[in-house]
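Topology and contacts: notes
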Amino acid sequence: FWKRWKKMAKVNVSNIHPGDFAEIKKKMTLEMVKNFASISDDFNPIHLDKKYASKSRYKKQIIHGLIATSLFSGLFGTKLPGEGCVYKSQNIRFKRPIFINDLVTARVEVTSVDKIMKIISFKTRCLVNEKIMIDGESEIFVP
C-alpha cells in the first residue's frame, strides 16, 4: 500500500489543461462482483446467479455498474489530478451492460479547470471494445 501511495501524482493545477486524460484497463471478474455485493449489500441475482441471468434481458450475468465507475475514483486520486483530490460531484449514465469477464477501459478527460476555486471538471467514460458503456461528468476538488 505505502509503495503505491508514494508513486501518486502530485497535483499542480497550473499543469492541468482541457484534453488531458488518464485511463486504466481492468477485467471485471466474478470475484469482484461477489466482493462488491458483500460491500454494497446488493445481492441482485442478475449479478450473481448464472441461471437467473440467462433468463434476463441480458442473457448472462452483468456486473454492478458502480464497480466500473469506481475506477474513476482511483484515477482521480492517483493519476489525474492526483494525490489529495476529492470528489465534488459525479453524473453517471448507464448506456449498455458490462458483463463478467469484460475488459473495461475507464477514462477521465479534463474539460475545464478553475484555478481560483481549484475545481477540475471531467468527462468520464467506461468502454468495452471501444463502445461507451457508461458516460458521465464529474467535478473534483484539488488540494
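For the structure itself, consult the block above.
We now turn to the structure provided with this report.

Definitions and cut-offs
- Residues numbered from 1 in each chain as written.
- Predicted model: local features only at pLDDT ≥ 70, side-chain atom pairs only at ≥ 80, totals over all residues.
- Heavy atoms only, no water.
- Phe/Tyr/Trp six-rings, centres within 6.5 Å; stacked < 30°, edge-to-face > 60°.
- Helix = DSSP H or I, 4+ residues; strand = E, 2+ residues; numbered from the N terminus.
- Buried < 20%, exposed > 50% of the residue type's maximum accessible area, 1.4 Å probe, protein only.
- Lys NZ or Arg CZ within 6 Å of the ring centre and 35° of its normal.

1. Some remarks on the packing of aromatic side chains
One pass over the structure, following the stated rule, counts two aromatic pairs. With a centroid separation of 5.4 Å and an interplanar angle of 90 degrees, the aromatic rings of Phe-76 and Tyr-87 are classed as edge-to-face. Of this pair, Phe-76 sits in helix H5 (residues 65–78) while Tyr-87 sits in strand S2 (residues 86–94), and the two are eleven residues apart along the sequence. Phe-76 gets classed as buried once you look at its relative accessible area, which sits at 3%. A relative accessible area of 33% means that Tyr-87 is categorised as partly exposed. Arranged with centres 4.7 Å apart and planes meeting at 55 degrees, the rings of Phe-76 and Phe-122 form a pair that is tilted. Of this pair, Phe-76 sits in helix H5 while Phe-122 is found in strand S4 (residues 119–128), placing the two residues 46 residues apart along the sequence. Taken individually, Phe-76 and Phe-122 each receive the classification buried, so the pair is uniform in this respect. The rings of Phe-76, Tyr-87 and Phe-122 are connected pair by pair, giving a single aromatic cluster. Taking the ring centre of Phe-99 as reference, the NZ or CZ of Lys-60 above it sits at 4.6 Å. Above the plane of the ring of Phe-21 lies Arg-107, whose end atom (NZ or CZ) is 3.7 Å from the centre.

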